[in-house]
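Summary of structural features
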Amino acid sequence: MTDTSIPTAARTAEPAPASEPVPAPVPAPSCADDLADGLVGDLVDGRAGDPAADPAAALRPDAELIGAAVAAAGRGMIDRETVAEVVALCAVAGEHLLVVGPPGTAKSEAVRRVAAQLGGRYFEYLLGRFTEPNELFGPVDLRSLREGRVEFETAGMLPEADIAFLDEVFLGSTAVLNTLLGLLNDRVFRRGGTVLASPLRVCVGAANHLPDDPALAAFADRFLARVFVEPVADARLEELLEAGRRPAAAPVRPTDLLAALDRLAAAARTCDLDDVTPLLGAALRRLRAAGVPIGDRRAVRSQRLVAAAAVLDGRTAASARDLWVLPLIAPTADTQALARDTLGDLIEKAANQSLVHAAEELSRSSAARAERLTRTGAELLAAHRELPGGRDARLRLEAALREIDAGFAPADLPAGLAGIRAELVAAVAPS
C-alpha cells in the first residue's frame, strides 16, 4: 500500500517555539535615520530588552524589519507600493492575493521585488490553456515509476516555494486548478503517491480581468485579498520614466527574512480580536447592506487580515486602527470603492506603521496619510544627506513640505510628522 502520510522531513512554515528567545526593540533613532536603508541590519543585530515584560515589544523589531524590506521593494516602483505591502500582509495572515490589472502594469515586478527582499524560494509561472500540471508541480519520478509507484519530483517547483506568483492564473486547465486548490487551501501537495507539506507563505495570482465563467468562482474565492491596478496616471509619467532608468534595489539584508515573517504569522494566529469583533461585525453588516457581496467564508477569514495588520503595526491586540484591510475582501474594483465609502467613519483613524501606502490607499484616513508622509520625509532626508545637493533634491524636499502643509493644519500635525517637517524646513533653508 502506498504511504500517503506527509513526510516528516518536508519543509514547512512552522513558527518558532514559544520558548525560543524573541527579539526586543532597539532604541529609536532620529526621525530621518529611523527609516534609512541601514535600519534593517540594525534591527537584526541590535536586539535587546525583556519581551516578557511587554509581549508587543517582541513584535516591533520584526514588524519594522518586514516594513523596511517591503519599503525597499516598493522604492522606485511608481504607484505599486500598495501591491508590495499587501503581499507582506497576506504572507503574515496566511492568505492569498489576487492582483488584477491590464498587461504591462508591473504586477509581476512588484511581487518579484518583495520576494527578493524577503528571501526564501520563489516560484513564478505564466499559465496558459495548455499548461501541464508537471510544469507547476514537477515531473513524474522515473525511479519510483520503475518500482510501480507514481510519485513526483517537486524540487524547485511550486510545492516547495515559499512565495509564488502565477500570472494569468485563471487560464489554467481543470487539472492544474484542482491540484492548486488543495495546495492553496491546506498547504499540502497531493498528487499520485506524493503527499508533501508545502512551506508556501503566500501565492499571488494575477489576471488582466476577473473571470466571467461561474465555474471559476470557487477557485477565485481562495484569493481572499484583491488589489486592482491601473496604468500610472499621466501626472506621474516623468517619475515613471525616471524610475525605469534605475535598477531595482538590492536586498536590504543578505540573509532571508522568512524567520521574522513566520514569527509575525505565529503572533497573528494568537492576536487578541475580542475588542475589535463588535466593530468588525458592524462593518461586515454594513458592507452587505450596501450590496458588497461578502460570503461567510470571506467574513470569517477577514479576521486573519485584521490580525496580520495589528502585528505588523507592532501590537498583540487588534483595534479599529486595523479595519483598513476590509476593502481588500470586496470582490471587484467598484465594490472596493463602495466599501471605502461605506466604512468611512469606521476606518477614519486607521493606519499602519509598516504598511503605510496600503493603509492610506484603502482607508483614506488622515492618520494613515501622516504615517506615509512621515516615512516619505524621513527617506528623503536620509537620501539628501548621503547624495550631493542640487536643484532636483531641493525640489523633492519642497514637494514633500507642500504635501504636508496641504494635508494638515499646523495645529493638527502629529508629533512625528511635525518633527519631520521641521527637518525638511531646515534642509531647504538657504545656507
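So, a few notes on the structure that sits alongside this text. Everything numeric in this text was worked out from a predicted model, so none of it was measured.

Calculation rules
- Residues numbered from 1 in each chain as written.
- Predicted model: local features only at pLDDT ≥ 70, side-chain atom pairs only at ≥ 80, totals over all residues.
- Heavy atoms only, no water.
- Helix = DSSP H or I, 4+ residues; strand = E, 2+ residues; numbered from the N terminus.
- Buried < 20%, exposed > 50% of the residue type's maximum accessible area, 1.4 Å probe, protein only.
- Contact = heavy atoms within 4.5 Å.
- Axes fitted to C-alpha atoms, helices over the stretch in contact; angles between N-to-C directions.
- Left-handed = near helix turned anticlockwise from the far one by under 90°.
- Nonpolar A, V, L, I, M, F, W, Y, C, P; charged D, E, K, R; others polar.
- Pairing = 2+ DSSP bridges.
- Salt bridge = Lys/Arg side-chain N within 4 Å of Asp/Glu carboxyl O.
- Phe/Tyr/Trp six-rings, centres within 6.5 Å; stacked < 30°, edge-to-face > 60°.
- Polar contact = N/O pair within 3.5 Å; in protein donor to acceptor, adjacent residues only side chain to side chain.

Regarding the overall build of the protein chain
- A count of helices and strands for the protein chain gives 17 helices and 7 strands.
- Burial statistics for the protein chain: of 431 residues in total, 49% are counted as buried.
- For the protein chain, the share of sequence-separated contacts (at least 6 apart) that also reach a separation of at least 24 residues comes to 75%.

Section: the side chain of T335
- Along the chain, T335 turns up in helix α13 (residues 333-342).
- With relative accessibility at 14%, the residue T335 sits in the buried group.
- Every residue in contact with T335, bar those within four places of it in the chain, is listed here: V292, P293 and A330.

Topic: the packing of helix α2 (residues 55-74) against helix α3 (residues 81-93)
- The contact between α2 and α3 brings their axes to 9 Å, and the two run at 145°. Here α2 runs over α3; the crossing is right-handed. Across the interface between the two elements, I66, V70 and G74 from α2 touch E81, A84, E85 and A88 from α3.
- The class makeup of the residues in the contact of α2 with α3 is 4 nonpolar, 1 polar and 2 charged.

Overview of the sheet that holds strand β2 (residues 122-126)
- Pairing is parallel across the open sheet formed by 5 strands, whose spatial order is β2-β3-β6-β1-β7. Of all strands in the sheet, those with a lone pairing partner are β2 and β7 (225-228), marking the two edges. Sheet twist, expressed as the mean angle between neighbouring strand axes with direction ignored, is 15°.
- Where strand β1 (residues 97-100) and strand β6 (residues 202-207) come together, 4 bridges link them in parallel fashion. For V100, the partnering residue across the bridge sits in β6 and is A207.

Some points on the pattern of salt bridges
- All chains considered together, the criterion is met by 28 salt bridges.
- In this structure, E95 and R304 form a salt bridge, with 3.3 Å as the shortest nitrogen-oxygen distance. Of this pair, E95 sits in the loop between α3 and β1 while R304 sits in helix α12 (residues 296-312); the two residues are 209 residues apart in sequence, bridging distant segments of the chain.
- With its nearest N and O atoms 2.7 Å apart, the salt bridge here joins R297 to D221.

A short note on the environment of L395
- Looking at where L395 falls in the secondary structure, it is placed in helix α16 (residues 391-407).
- What makes L395 partly exposed here is its relative accessible area of 34%.

Considering the packing of aromatic side chains
- Throughout the structure, instances matching the rule amount to 4 aromatic pairs.
- Pairing F123 with Y125 gives two aromatic rings, centres 6.2 Å apart and planes at 10°, and the pair type is stacked.
- Each ring, one from F137 and one from F189, has its centre 5.5 Å from the other, and the planes form 20°; the classification is stacked. Residue F137 is found in helix α5 (residues 133-137), and its partner F189 is found in strand β4 (residues 188-191); the two are separated by 52 residues along the sequence.
- You can call F189 buried: its relative accessible area is 0%.
- An aromatic cluster is defined as three or more aromatic residues linked by ring pairs; in this entry it consists of F170, F219 and F223.

Focus on the environment of R201
- For R201, the location among the structural elements is in the loop between β5 (194-197) and β6.
- The spatial distance from the C-alpha of R201 to the C-alpha of L258 is 9.1 Å, given a sequence separation of 57 residues.
- In terms of polar contacts, R201 uses its side chain to reach the side chain of D162, at 2.4 Å.
- Within polar-contact distance, the side chain of R201 engages the backbone oxygen of P199 at 3.0 Å.

A short note on the pairing of strand β3 (residues 163-167)
- Taken across its 5 residues, β3 has 4 buried, putting it largely inside the fold.
- Both β2 and β3 contribute to a ladder of 5 bridges, which runs parallel. When the bridges of β3 are listed, Y125 appears paired with L166.
- In this sheet, β6 lies alongside β3 in parallel orientation, the contact comprising 5 bridges. Residue D167 lies in a different strand from β6, and its bridge partner there is A206.

These figures come from the coordinates and say nothing about function on their own.
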